[in-house]
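# A structural walkthrough
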Amino acid sequence: MRIDIVTIFPDFFGVLDVSLLGKARQARIIDVGVHDLRDFTHDRHRTVDDTPYGGGAGMVMRPEPWGEALDSVITADSVVIFPSPAGERFTQATARELAGEQHLVFGCGRYEGIDQRVIDHASSVARVREISLGDYVLNGGEVAVMAMIEAVGRLVPGVIGNAASLDEESHEGGLLEYPSYTKPAEWRGREVPPVLLSGNHGAIAKWRHEQQVERTKRVRPDLLPSAED
Ligand code: 6GU
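## With respect to the overall build of the protein chain
For the protein chain, the helix and strand inventory stands at six helices and nine strands. Over its C-alpha atoms the protein chain spans a radius of gyration of 22 Å, topping by over 25% the 17 Å that the globule rule assigns to 229 residues. Counting only residues that meet the buried cut, the protein chain has 39% of its 229 residues in that class. Taking contacts inside the protein chain between residues at least 6 apart in sequence as the whole, the part at least 24 apart equals 76%. For the protein chain, the exposed surface amounts to about 13,600 Å²; the carbon and sulfur share of it is 51%. Across the protein chain, 24 positive and 35 negative side-chain charges occur, with their mean positions spaced 7 Å apart.

## Structural notes on helix 6 (residues 201-219)
With 19 residues, helix 6 should cover 27 Å at 1.5 Å per step; its first-to-last C-alpha distance of 27 Å lies within 8% of that length. Of all the residues in helix 6, the buried ones are I204, W207, Q212 and T216. Buried positions in helix 6, seen along its axis, are confined to an arc of 165 degrees and lie on one side of it. The exposed set on the far side of helix 6, more than 90 degrees from its buried face, consists of K206, K217 and R218. Sitting at the amino-terminal end of helix 6 is N200, which places a side-chain oxygen 3.2 Å from the backbone nitrogen of G202.

## What to know about the site of the ligand
Neighbouring the ligand are P83, S84, P85, I131, S132, L133, G134, Y136, L138, G140, A144 and M148. Within the backbone of Y136, an N or O atom sits 2.5 Å from a nitrogen atom of the ligand. Protein contact buries 96% of the 290 Å² of open area that the ligand shows by itself. Broken down by secondary-structure element, the contributors of at least two residues to the shell around the ligand are strand 5 (79-89), strand 7 (127-132) and helix 5 (142-153). Across the shell around the ligand, the residue classes break down as eight nonpolar, four polar and no charged.

## Things to note about helix 3 (residues 92-99)
What helix 3 keeps buried is the set Q92, T94, A95, L98 and A99. Seen along its axis, helix 3 keeps its buried residues to an arc of 155 degrees; they face one direction. Of the surrounding elements, those touching the buried residues of helix 3 are strand 5, strand 6 (103-107), strand 7 and helix 5. Residue T91 occupies the N-cap position of helix 3, its side-chain oxygen lying 3.2 Å from the main-chain nitrogen of A93.

## Description of the pattern of salt bridges
For the coordinates displayed, the defined rule picks out 17 salt bridges. Residues D4 and R2 are paired through a salt bridge, measuring 2.6 Å at the closest nitrogen-oxygen approach. On the basis of relative accessible area, R2 is assigned to the partly exposed category, the value being 32%. One salt bridge in this structure joins R46 and D36, with 4.0 Å as the shortest N-O distance.

## Observations concerning a nonpolar patch on the surface
Taken together, the side chains of F9, F12, Y136, L138 and V143 present a nonpolar region at the surface, about 430 Å² in accessible area. Tracing the backbone through its elements, the reader meets F12 in the loop between strand 1 (2-7) and helix 1 (19-26).

## Describing the pairing of strand 1
Within strand 1, five of the six residues are buried, which leaves it mostly tucked inside the rest of the structure. Pairing between strand 1 and strand 2 (residues 31-36): six bridges, direction parallel. When the bridges of strand 2 are listed, I5 appears paired with V34. A crossover connection joins strand 1 to the parallel strand 2 through helix 1; in handedness this β-α-β unit is right-handed.

## A look at the environment of R127
Along the polypeptide, R127 turns up in strand 7. With relative accessibility at 43%, the residue R127 sits in the partly exposed group. Linking R127 and E64, residues 63 residues apart in sequence, is a C-alpha distance of 20 Å. If near-sequence neighbours (up to four positions away) are discounted, R127 is found in contact with D77, S78, V79, V80 and E101. Separated by 3.4 Å, the side chain of R127 and the backbone oxygen of D77 make a polar contact.

Quick notes on the rules
Residues numbered from 1 in each chain as written. Predicted model: local features only at pLDDT ≥ 70, side-chain atom pairs only at ≥ 80, totals over all residues. Heavy atoms only, no water. Helix = DSSP H or I, 4+ residues; strand = E, 2+ residues; numbered from the N terminus. Rg over C-alpha atoms; globule rule 2.2 N^0.38 Å. Buried < 20%, exposed > 50% of the residue type's maximum accessible area, 1.4 Å probe, protein only. Contact = heavy atoms within 4.5 Å. Areas by Shrake-Rupley, 256 points an atom, 1.4 Å probe, with all protein chains shown as cover. Lys, Arg positive; Asp, Glu negative; His and termini not counted. Charge placed at Lys NZ, Arg CZ, Asp CG, Glu CD. Expected span 1.5 Å × (residues − 1). Arc of directions from axis to C-beta. Polar contact = N/O pair within 3.5 Å; in protein donor to acceptor, adjacent residues only side chain to side chain. Near = heavy atom within 4 Å. Nonpolar A, V, L, I, M, F, W, Y, C, P; charged D, E, K, R; others polar. Salt bridge = Lys/Arg side-chain N within 4 Å of Asp/Glu carboxyl O. Patch = residues over 30% accessible without salt bridge, like charges linked within 9 Å, V, L, I, M, F, W, Y side chains within 5 Å. Pairing = 2+ DSSP bridges. Right-handed = clockwise from strand over helix to strand, strands pointing away.

Shown next, in the form of structure tokens:
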């Protein structure tokens, strides 16, 4: 998979060198290019924003540098993602869809957003999605894009050694994960649930499923199918 990121804060993405994604980059499973939006300006001050037409607070990102930056990375096969609190919600299903793509382009907006014509133009040359992490506001798209890249990247074949570990985690199968335990069997007076020491794989699977349902009901009832469905 190829990932291109356009941002005015390229330094944010230094963390992509470490951990699992860093290894995936070294192994060339995931190729990442980070592009400084200001490199596509032509004035002495490298201006990327201006006041909004129609008035109002804040600044809007000007279309010209965005147009040139996106022209340099987008192809007809790209999926272009604009992180935005006004976008569709990012879920594990979104991550799975994006993990199947060959080329993702992330356009990180700042200030009050990007001139709408940039999104409209990108939509005329490639598939475009405006995506939100959730119902809260971040200062810019950079941190959101980092989260999306981590969620997508770990689903790309070869990034995680043990693919089976992907099947049992929270949000795969619509339930939250069951609690996990390791040695020692007793710690500070707290014991590991005896069923996990029983060697009875049927009983263990049943207990884990019950734990998933109980935890989901308690903290995320919205994930369970409603009684009328
Ligand atoms: Cl994707 N961007 C920004 N700026 N704020 C957000 C977000 C994205 N998702 C939630 N809040």
